[in-house]
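Listed below, chain by chain, are the residues.
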Amino acid sequence: MIAEKDSMVSIVYELRSGSKEGDIVESLTPDNPLTFLFGTGGLLPKFEEKLNGLSTGDTFDFLLNSEHAYGPVVETAVVQVPKSVFEVDGKIDETLMQVGNTVPMMDTEGRRLNGKVITIEGDAVKMDFNHPMAGADLHFTGKVTEVRDATEEELTHGHIHGNGSDCGSCNDKAGHSCNCG
């Protein structure tokens with residue numbers, strides 16, 4: 001069986017920033033593989049393209065240029081926000097508002113995003129909303145540990161069920177809840 005749309009795929013890998021010799025960013029082992037429903041848009045398209053057609057036991061070694069990964073660093077994603085954004089119950093939460101912290105926030109349309117506190121200047125906080133890997137080339141070396149057909153339930157819910165999955169509590173496309181795991 002090969003990795004293709006609507007198959008369940010498990011992989012282990014080492015991710016390095018920039019090249020084979022770059023800093024290790026993430027390392028997944030057989031005890032903690034990445035298990036996902038192939039072709040549902042949950043992963044970087046070029047990442048899945050590189051895995052397409054591989055079988056259990058196959059190895060991979062590829063580089064994703066930043067434009068095919070998380071894109072370039074966007075200067076307009078670095079913004080000043082008022083300190084009042086950090087207010088909780090009428091008081092500024094100093095533990096959240098610390099240089100280097102990544103803080104979950106929402107934009108004006110209600111979409112969740114993370115911002116990293118860069119500096120605190122007067123009544124404003126400079127934050128970077130770029131993805132932490134923006135501007136970086138990503139080098140993946142790994143192995144496919146399992147490929148199988150996804151079940152009808154997994155296809156309906158849009159994710160994998162069972163051990164090593166991305167599932168906790170979920171709602172399928174029809175709004176039915178599932179408790180898998």
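Just so we're clear, the structure is a prediction, and the values are computed from it rather than from any experiment.

Focus: the sheet that holds strand β5 (residues 78-82)
Here is step 1: Taken together, four strands build an open sheet; the order of strands is β5-β10-β9-β8 and the sheet is antiparallel. Two strands lie at the open edges of the sheet, namely β5 and β8 (102-106), each paired on one side alone. On average, each strand axis in the sheet is tilted by 45° relative to the strand beside it, whichever way the strands run.
Here is step 2: The sheet contact formed by strand β9 (residues 112-121) and strand β10 (residues 124-128) spans five bridges and is antiparallel.

Looking at the packing of aromatic side chains
Each aromatic ring pair is characterised by the separation of its centres together with the angle its planes make.
Here is step 1: Across all of its chains, the model carries seven aromatic pairs by this definition.
Here is step 2: In textbook terms, an aromatic cluster arises when at least three aromatic residues are bridged by ring pairs, as seen for Y13, F47, F60, F62 and F140.

Let's talk about the side chain of H139
Here is step 1: By secondary structure assignment, the location of H139 is in strand β11 (residues 138-149).
Here is step 2: Residue H139 is classed as buried on the basis of its relative accessible area of 6%.
Here is step 3: Side-chain polar atoms of H139 contact the side chain of D61, separated by 2.7 Å.
Here is step 4: The contacts of H139, once residues within four sequence positions are left out, are E14, L15, R16, S19, K20, D61, F62 and L63.

Description of the nonpolar core
Here is step 1: Counting residues in each nonpolar core, the largest one holds 22 residues, and the members touching the most others are I11, F47, L51, F60, L64, L138 and F140.
Here is step 2: Looking at this core, the elements that each hand over two or more residues are β1 (7-17), α1 (45-51), β4 (59-64) and β11.
Here is step 3: In this structure, F60 is in contact with I11, V12, Y13, L51, L54, F140, T141, G142, K143 and V144, ignoring residues within four places of it in sequence.
Here is step 4: V81, V103, V117 and M127 belong to the second-largest nonpolar core, a separate cluster that totals eight residues.

Quick word on the confidence of the model for the protein
Here is step 1: On average, the protein scores 87 in pLDDT, and the residues at 70 or more come to 88%.
Here is step 2: Looking over the protein, one finds the lowest element-wise mean pLDDT in strand β12 (residues 169-171), namely 45, and the highest in β4, namely 97.

Side note on the pattern of salt bridges
Here is step 1: Per the stated rule, a full pass over the model turns up seven salt bridges.
Here is step 2: R16 is paired through a salt bridge with E14; the nearest N and O atoms lie 2.9 Å apart.
Here is step 3: Assessed through its relative accessible area of 25%, E14 is described here as partly exposed.
Here is step 4: With a shortest N-O distance of 2.8 Å, E109 and R111 are connected by a salt bridge.

Rules of the game
Residues numbered from 1 in each chain as written. Predicted model: local features only at pLDDT ≥ 70, side-chain atom pairs only at ≥ 80, totals over all residues. Heavy atoms only, no water. Pairing = 2+ DSSP bridges. Helix = DSSP H or I, 4+ residues; strand = E, 2+ residues; numbered from the N terminus. Axes fitted to C-alpha atoms, helices over the stretch in contact; angles between N-to-C directions. Phe/Tyr/Trp six-rings, centres within 6.5 Å; stacked < 30°, edge-to-face > 60°. Buried < 20%, exposed > 50% of the residue type's maximum accessible area, 1.4 Å probe, protein only. Polar contact = N/O pair within 3.5 Å; in protein donor to acceptor, adjacent residues only side chain to side chain. Contact = heavy atoms within 4.5 Å. Core = buried A, V, L, I, M, F, W, Y, C linked by side-chain atoms within 4.5 Å. pLDDT = per-residue confidence, 0-100. Salt bridge = Lys/Arg side-chain N within 4 Å of Asp/Glu carboxyl O.

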